[in-house]
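Here are the chains, one letter per residue:
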Amino acid sequence: MSKLTIPQEGGCRCGQVRLKISAPPIITMACHCTGCQKMSSSAFSLSAAIPAEGFEVIAGEPVIGGLHGATRHYFCPHCLTWIFTRPEGMDWFVNLRPTMLDDTSGIAPFVETFTSEKLPWAATSAVHSYEAFPLMEAFAGLIQEFAERTS
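Quick look at the structure, then. (Residues numbered from 1 in each chain as written. Predicted model: local features only at pLDDT ≥ 70, side-chain atom pairs only at ≥ 80, totals over all residues. Heavy atoms only, no water.)

Our next topic: the overall build of the protein chain. When you go through the protein chain residue by residue, the secondary structure sums to two helices and 11 strands. N-terminal to C-terminal, the α/β element order of the protein chain is β-β-β-α-β-β-β-β-β-β-β-β-α. For the protein chain, the C-alpha radius of gyration of 15 Å lies close to 15 Å, the compact-globule estimate for 151 residues. For the C-alpha atoms alone, the extent of the protein chain along its principal axes is close to 35 × 35 × 30 Å. Within the protein chain, residue pairs in contact and separated by at least 24 positions form 57% of the contacts whose partners lie at least 6 positions apart. Summed over its atoms, the accessible surface of the protein chain is roughly 7900 Å², and 55% of this surface lies on carbon and sulfur atoms. (Helix = DSSP H or I, 4+ residues; strand = E, 2+ residues; numbered from the N terminus. Rg over C-alpha atoms; globule rule 2.2 N^0.38 Å. Contact = heavy atoms within 4.5 Å. Areas by Shrake-Rupley, 256 points an atom, 1.4 Å probe, with all protein chains shown as cover.)

Looking now at unusual backbone geometry. Between I6 and the following residue, P7, the backbone shows a cis peptide bond with an omega angle of 0°. Checked against the element boundaries, P7 lands in the segment before β1 (8-11). One non-glycine residue with positive phi stands out, namely H68, at about 60°. Within the fold, H68 resides in the loop between β6 (63-65) and β7 (72-75). By relative accessible area, H68 is classed as exposed at 55%. Here the phi dihedral of L80 falls at roughly 65°; this positive angle occurs in a residue that is not glycine. Relative to the helices and strands, L80 resides in the loop between β7 and β8 (82-86). (Buried < 20%, exposed > 50% of the residue type's maximum accessible area, 1.4 Å probe, protein only.)

Below, the structure written as structure tokens:
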């Protein structure tokens, strides 16, 4: 598993929304749930959990899209690219879609979730796979292992 260069910038497809990360991800994931398939228009969505203090929007004004619920999914208002998510009750990190980064060479999913809903041909290089979402108690160990593998 390669290491992501920090700090790094990125943006949506049209470039109107730009962002900067100044902290490495605490974990990376691929989600195969049907909701993520529809939101990403792909077989799965990718996320890099960035500590909130290490994430900032530096240009543009992303808008909320998706289901408009307590978990807030942010999109570019012009090209409608899904850029990041702020999960409900977890304000200490931002789930960045890592393909928004200008340099994606250091990103690979460490965990894949909702494999029970994955498309039969979809495959990732994730080290850990879960049929649904892992129990919250599992995350401390996963985060520690991710840190060890990427240090």
